[in-house]
Amino acid sequence: MMPQSNNDLRQVRNYPEQPPLIPHKTDGYQVDLRSNKCLTCHSRKAVGESQAPMVSITHFMDRDGQFLASVSPRRYFCNQCHVSQHESKPWVGNTFVDVDTLLQKKQ
Ligand code: HEC
Ligand code: HEC
């Protein structure tokens, strides 16, 4: 396996709703019923010390749109949506363009 990217540079999102990519290593980070390593830095309480960006307000919403006091169970398993990256070349080509590029082309 290629090493995980760990350059701490936050990546541009390809569209506004994209879960941001993780710009640091996450190997060995435990996320299960007992503990959530991610929240030790990204929770509301932790960011003063960790200086990590706080999970956004959507992470506190339940499916009825109500805001809970802590991270909602549906946002607990961070890696369902957020992924770290590897320093490797893509195996296959890709012609994806982001929405701004697409809008520019149309004019
Ligand atoms: C030791 C503290 C720490 C832990 C643990 C940690 N992070 Fe981070 N994370 C950071 C910091 C600090 C940043 C800001 C960029 C940087 O310095 O890497 C960051 C950046 C991010 C970003 C980018 C946010 C953006 O707006 O671009 C995501 C997503 C993220 N982390 C997700 C996770 C997930 C998921 C886990 C658990 C698997 C995790 N982090 C564990 C400290 C941490
Ligand atoms: C169901 C998908 C999903 C799960 C699960 C999830 N996130 Fe997110 N996350 C997103 C999306 C989408 C965004 C960007 C839009 C937003 O802020 O809601 C985001 C944004 C973020 C950001 C950037 C916030 C900002 O204001 O820049 C951080 C940090 C983050 N998530 C961390 C986490 C951590 C830590 C967990 C686990 C406790 C987690 N996320 C679980 C989808 C998810």
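Chemist: I tried to follow the site of ligand 1 on my own but got confused; where do I start?
Modeler: Inspection of the region around ligand 1 gives 19 residues, with Asp8, His24, Cys38, Cys41 and His42 positioned closest. At 2.6 Å from an oxygen atom of ligand 1 is found a side-chain nitrogen or oxygen belonging to Asp8. Within the side chain of His42, an N or O atom sits 2.8 Å from a nitrogen atom of ligand 1. Residues that form the shell around ligand 1 fall into these classes: ten nonpolar, five polar and four charged.

Chemist: What should I look at first to understand the coordination of the iron atom of ligand 2 in this one?
Modeler: As a benchmark, a tetrahedral metal site with four donors has ideal angles of 109.5 degrees, while an octahedral site with six donors has ideal angles of 90 or 180 degrees. Note on the iron atom of ligand 2: its protein donors are His59 (NE2) and His82 (NE2). The metal-donor distances range over 2.0 Å. Its six donor atoms give the iron atom of ligand 2 angles of 88 to 178° at the centre, a pattern that matches the octahedral case. With a gap of 23 residues between them, His59 in the loop between helix H2 (47-50) and helix H3 (99-106) and His82 in the loop between H2 and H3 connect regions that are remote in the sequence. The exposure classification of His59 matches that of His82, with both residues buried.

Chemist: How should I be thinking about the coordination of the iron atom of ligand 1 in this particular structure?
Modeler: Distances from the iron atom of ligand 1 to its protein donors, His24 (NE2) and His42 (NE2), fall within 2.0 Å. Seen from the iron atom of ligand 1, its six donor atoms lie at angles of 88 to 179°, and the figure they make is octahedral. Here His24 is found in the segment before helix H1 (39-42), whereas its partner His42 is found in helix H1, with 18 residues between them in sequence.

Rules used in this analysis
Residues numbered from 1 in each chain as written. Chains lettered and ligands numbered in written order. Predicted model: local features only at pLDDT ≥ 70, side-chain atom pairs only at ≥ 80, totals over all residues. Heavy atoms only, no water. Near = heavy atom within 4 Å. Polar contact = N/O pair within 3.5 Å; in protein donor to acceptor, adjacent residues only side chain to side chain. Nonpolar A, V, L, I, M, F, W, Y, C, P; charged D, E, K, R; others polar. Donors = N, O, S within 2.8 Å, 3.2 Å for Na, K, Ca; no water. Tetrahedral: all angles 85-135°; square planar, octahedral: opposite > 155°, others 65-115°. Helix = DSSP H or I, 4+ residues; strand = E, 2+ residues; numbered from the N terminus. Buried < 20%, exposed > 50% of the residue type's maximum accessible area, 1.4 Å probe, protein only.

By themselves, these observations are geometric and do not establish any function.
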